[in-house]
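Listed below are the residues making up each chain.
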Amino acid sequence: MGLTTRPATDSDTAFARETHHGAYREVVLAQYGSWVDADQDRYFENNWREATFDIILSDDTPCGYVAVEYRTDDVHIRELVIHPKWQGRGIGTAFLKQVMESASQKGLPVRLGTFHRNRALKLYQRLGFREIGRTETHVLLEWLSK
């Protein structure tokens, strides 16, 4: 699998919204009990404007989006969202391993947060992330290179 990224542009917004809604619907229903399109549209729009995103490509085909912040003390994965039709193919795992390798070379931990009810939590734990805290809505995780 040829996994690459490119900066997101305005023309990627519709794809990213579709990806967000498809990927998060199950999580939101499990954690909050209901899905309201208008609320999720608003959440997506606010988040999309607040960060710099890249589009994840598998063999040049968009399959998800991500916001990774390389900060002084850590590498923060603000958002990693794989379109439902691309989930289960190892794309998220491969992307995370790329970030982890980059962070390891810099001597930095990788940190992220995920909804309590997000099935991706098992992926993060399998890759060696450990829980470092909780908020009302999220599990906070950290990966340290060995």
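Residues numbered from 1 in each chain as written. Predicted model: local features only at pLDDT ≥ 70, side-chain atom pairs only at ≥ 80, totals over all residues. Heavy atoms only, no water.

**Brief notes about unusual backbone geometry**
Despite not being glycine, D59 shows a phi value in the positive range, around 50 degrees. Located in the positive-phi region is D60, a residue other than glycine, with phi close to 70 degrees. Mapped onto the secondary structure, D60 falls in the loop between β2 (54-58) and β3 (61-70). (Helix = DSSP H or I, 4+ residues; strand = E, 2+ residues; numbered from the N terminus.)

**Side note on the pattern of salt bridges**
All told, the structure shown has 13 salt bridges when counted by the stated rule. For the salt bridge of R78 with E69, the shortest nitrogen-to-oxygen distance reads 3.7 Å. A relative accessible area of 25% means that E69 is categorised as partly exposed. With a closest N to O distance of 3.2 Å, D74 and R111 form a salt bridge. Residue D74 is located in the loop between β3 and β4 (75-82), and its partner R111 is located in strand β5 (residues 110-115); the two are separated by 37 residues in the primary sequence. The structure contains a network of salt bridges with shared partners spanning E50, E69, R71, D74, R78, R111, R130 and E142. (Salt bridge = Lys/Arg side-chain N within 4 Å of Asp/Glu carboxyl O. Buried < 20%, exposed > 50% of the residue type's maximum accessible area, 1.4 Å probe, protein only.)

The analysis is restricted to geometry; functional conclusions fall outside its scope.
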